[in-house]
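Read off the chains here:
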Amino acid sequence: MFTRSFFCVSFDVLSFDDQLNQFKEYIEKLKGMVGEERTQFILENSFFFVVAGSDDLANTYFTIGIRRLEYDVPSYADLMVSSASNIIQDIYKLGARRIAVFGAPPIGCLPSQRTLAGGGLRVCAEEYNQAAQIYNSKLQPETEYLNSTLAQSRIVYIDIYNPLLAIIENPLQYGIEVVDRGCCGTGNIEVAILCNKLLPTCPDDSKYLFWDSYHPTNKGYTILVNQVLGKYIDDLV
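Residues numbered from 1 in each chain as written. Predicted model: local features only at pLDDT ≥ 70, side-chain atom pairs only at ≥ 80, totals over all residues. Heavy atoms only, no water.

1. Section: the side chain of Q113
At step 1: Mapped onto the elements, Q113 comes out in helix α5 (residues 111–117).
At step 2: Note on Q113: relative accessible area 1%, which makes it buried.
At step 3: A distance of 2.9 Å separates polar atoms of two side chains, one belonging to Q113 and the other to S112.
At step 4: Beyond its immediate stretch of four places on either side in the chain, Q113 contacts A58, N59, T63, I107, G108, G118, A125, Y128 and Y214. (Helix = DSSP H or I, 4+ residues; strand = E, 2+ residues; numbered from the N terminus. Buried < 20%, exposed > 50% of the residue type's maximum accessible area, 1.4 Å probe, protein only. Polar contact = N/O pair within 3.5 Å; in protein donor to acceptor, adjacent residues only side chain to side chain. Contact = heavy atoms within 4.5 Å.)

Set out below in structure tokens:
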């Protein structure tokens, strides 16, 4: 899986360049173990997941606001799509053929973004969601274009926006009770390393869609993965 914010620096995630270098090292090690022909077969029949963009919108563009001084949302989305396209082409050149490209989720409904931009009632920040939709509307055709032009590829756009929004809007249908805050701490703002052994957690995370204020619980991921596999697996195999 290649996962990364395109334009913001994070202390807990490898840059895409670092991930790409690690992938190249893996390929060389694999060649040493099974030979070049078998390595090519493994790469061509493996699934690759490109997951990026949420942090660029939620953090770099809206929260930090640096990019808002240079771009409106559509032009920033174009920049993000260009970066995503480069990532896909880079791993394709190294042998990847079955590539799932994830769109942005409804970032305005993530607990942290409700806290930062949802007002006193912590409603979904619709401006953020609209930005995610604009990005997705540009990413999908670019993905389809690459799929049609890169030989022997199966490059598939994965819609994660609508499945996640469906859970948020109808949680009981999925056996979920809490969707507006995470299980860790207050659930309103804590994320990543801010969720640690010093903070309390909810008594039953299976009732929560989000573990922290940004990332789903195991149950949340399980629901989403099952939906994604059911809808897109035939396009990748």
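2. Some points on the pattern of salt bridges
At step 1: Applying the stated rule across the entire model yields 5 salt bridges.
At step 2: Here R67 makes a salt bridge to E70, at a shortest N to O gap of 4.0 Å.
At step 3: We classify R67 as buried; its relative accessible area is 18%.
At step 4: D180 is the salt-bridge partner of R181, the closest N and O atoms lying 3.7 Å from each other.
At step 5: With relative accessibility at 28%, the residue D180 sits in the partly exposed group. (Salt bridge = Lys/Arg side-chain N within 4 Å of Asp/Glu carboxyl O.)

3. Looking at the state of the cysteines
Note on terminology: a disulfide is the covalent bond linking the sulfur atoms of two cysteines.
At step 1: A complete count under the given rule lists 3 disulfides for this structure.
At step 2: For C109, the disulfide goes to C124, at an S-S distance of 2.1 Å. Taking the sign of the S-S torsion, 120° for the link of C109 and C124, the bridge is right-handed. One end of the pair, C109, is in the loop between β3 (98–102) and α5; the other, C124, is in the loop between α5 and α6 (126–149), and 15 residues separate them in sequence. Accessibility classification places C109 together with C124 in one group, the buried group.
At step 3: Disulfide pairing is shown between C184 and C195; the S-S distance is 2.1 Å. (Disulfide = S-S within 2.5 Å.)

4. Some thoughts on the nonpolar core
Note on soluble globular proteins: their nonpolar side chains tend to be buried together.
At step 1: Formed by 59 residues in total, the largest nonpolar core has its most connected members in L57, I91, I99, Y135 and L209.
At step 2: Here this core takes 10 residues from helix α4 (residues 73–93), the largest share from any one element. (Core = buried A, V, L, I, M, F, W, Y, C linked by side-chain atoms within 4.5 Å.)

5. Regarding α6
Structurally, the α-helix is built with 3.6 residues per turn, so residues lying three or four positions apart point the same way.
At step 1: An ideal rise of 1.5 Å per residue puts 34 Å on 24 residues; α6 measures up with 35 Å between its terminal C-alpha atoms.
At step 2: Among all positions in α6, only Y128, N129, A131, A132, Y135, N136, L139, T143 and L146 are buried. (Expected span 1.5 Å × (residues − 1).)

6. Some remarks on the confidence of the model for the protein
At step 1: Across the protein, the average pLDDT comes to 92, with 95% of residues at or above 70.
At step 2: The secondary-structure element of the protein with the lowest mean pLDDT is strand β1 (residues 2–4), recorded at 52, while strand β6 (residues 208–210) shows the highest, at 98.
At step 3: Low pLDDT, under 50, characterises residues 5–11; the stretch is placed with 24 contacts to residues that sit more than four places away or in other chains. (pLDDT = per-residue confidence, 0-100.)

7. Some points on the pairing of β3
At step 1: Most of β3 sits inside the fold, with 5 of its 5 residues counted as buried.
At step 2: Side chains R98, A100 and F102 project from β3 onto one buried face, and the interleaved I99 and V101 project onto a second face that is buried too.
At step 3: The pairing of strand β2 (residues 47–52) with β3 spans 5 bridges and is parallel. Bridging from a neighbouring strand, V50 pairs with V101 of β3. (Pairing = 2+ DSSP bridges.)

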